[in-house]
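Working through the structure, step by step
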Amino acid sequence: ICSSYSQSEHWRISSWFLDENLCRSDERIPVGYTSPDSQVALLVDDEDRTSGDLPSGEVVVNSCLLAMGSWPDPVAFNERLVADPDDSTRTFFRTGDVLRIRDDGMLVFVGRVDNQVKINGWRIEPEEVERAAQQHPLVDSVACHARRDESGRAERLVLYAVSYAGREHLAADL
């Protein structure tokens with residue numbers, strides 16, 4: 001069995017073949033070692049400084065495999081680029097994922113720095129769903145929440161909407 005970790009914006013950040021000696025019973029299954037064609041670092045602080053010596057942090061990646069941009073929102077893609085402190089001609093891409101680097105170099109997924117969830121293979125930002133629903137003239141406030149199954153995996157989005165114009169009007173429109 002082969003495990004691999006990547007972003008849509010980057011083909012492959014890490015991969016490895018499952019080996020019972022590499023999995024520890026007290027942690028999540030590792031996502032692998034950094035692939036040879038990628039440079040991975042962890043963000044240290046709000047100043048976007050990087051370090052390979054942190055126990056965990058937001059993953060930033062630099063590679064020849066990194067996408068040149070993103071359609072349909074190139075601005076959002078560019079906002080996730082961080083200057084390489086060691087080489088002004090290179091940039092790192094902020095993945096939004098938080099990983100831990102084990103002492104043997106194996107990467108372990110810890111979580112996200114934002115509220116992004118993955119449902120049926122699709123990355124979804126609940127805040128974007130809230131902003132879209134908030135545009136409806138009868139909506140006064142909204143909250144979007146990812147419902148999780150017993151294992152903790154997000155399985156569906158639930159949108160709560162409040163309308164002071166009345167429930168029946170909003171339900172008919174949505």
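For the structure itself, look to the data block above.
The structure reproduced in this document is the subject of the present report. Computed from a predicted structure; not experimentally measured.

A few points about the nonpolar core
Membership of the largest hydrophobic core is limited to ten residues, which are Tyr-5, Val-31, Val-40, Leu-42, Val-59, Val-61, Phe-77, Phe-93, Leu-99 and Leu-107. Going through the elements one at a time, β4 (38-43), β6 (56-63) and β8 (91-101) are the ones with two or more residues in this core.

A look at the pattern of salt bridges
Evaluated as defined, the whole model comprises four salt bridges. The shortest N-O distance in the salt bridge between Arg-94 and Glu-58 comes to 2.6 Å. Of the two residues, Arg-94 is situated in strand β8 and Glu-58 in strand β6; the sequence distance between them amounts to 36 residues. Three or more residues are tied together by salt bridges with common partners; here these are Asp-97, Arg-112 and Asp-114.

Describing the environment of Leu-157
With respect to the helices and strands, the residue Leu-157 is situated in strand β13 (residues 154-162). Note: C-alpha distance between Leu-157 and Arg-147 (ten residues apart in sequence) is 6.0 Å. Residues within four places of Leu-157 in sequence aside, it is in contact with Val-117, Ile-119, Ile-124, Val-129, Cys-144, His-145 and Ala-146.

Observations concerning the pairing of β8
Every regular strand shows the same layout, with side chains that alternate between the two sheet faces. Here five bridges tie β6 to β8, and the two strands are oriented antiparallel to one another. Bridging across to β8, Val-60 finds its partner in Arg-94. In this structure, strand β7 (residues 81-83) lies alongside β8, joined through three bridges in antiparallel fashion. Considered in β8, the bridge of Leu-81 is made with Phe-93. The hairpin turn running from β8 into strand β9 (residues 107-112), its antiparallel successor, is five residues long, and Gly-105 in that turn takes a positive phi close to 90 degrees.

What counts as what
- Residues numbered from 1 in each chain as written.
- Predicted model: local features only at pLDDT ≥ 70, side-chain atom pairs only at ≥ 80, totals over all residues.
- Heavy atoms only, no water.
- Core = buried A, V, L, I, M, F, W, Y, C linked by side-chain atoms within 4.5 Å.
- Buried < 20%, exposed > 50% of the residue type's maximum accessible area, 1.4 Å probe, protein only.
- Helix = DSSP H or I, 4+ residues; strand = E, 2+ residues; numbered from the N terminus.
- Salt bridge = Lys/Arg side-chain N within 4 Å of Asp/Glu carboxyl O.
- Contact = heavy atoms within 4.5 Å.
- Pairing = 2+ DSSP bridges.

Take it as geometry only, folks, not as evidence of what the structure does.
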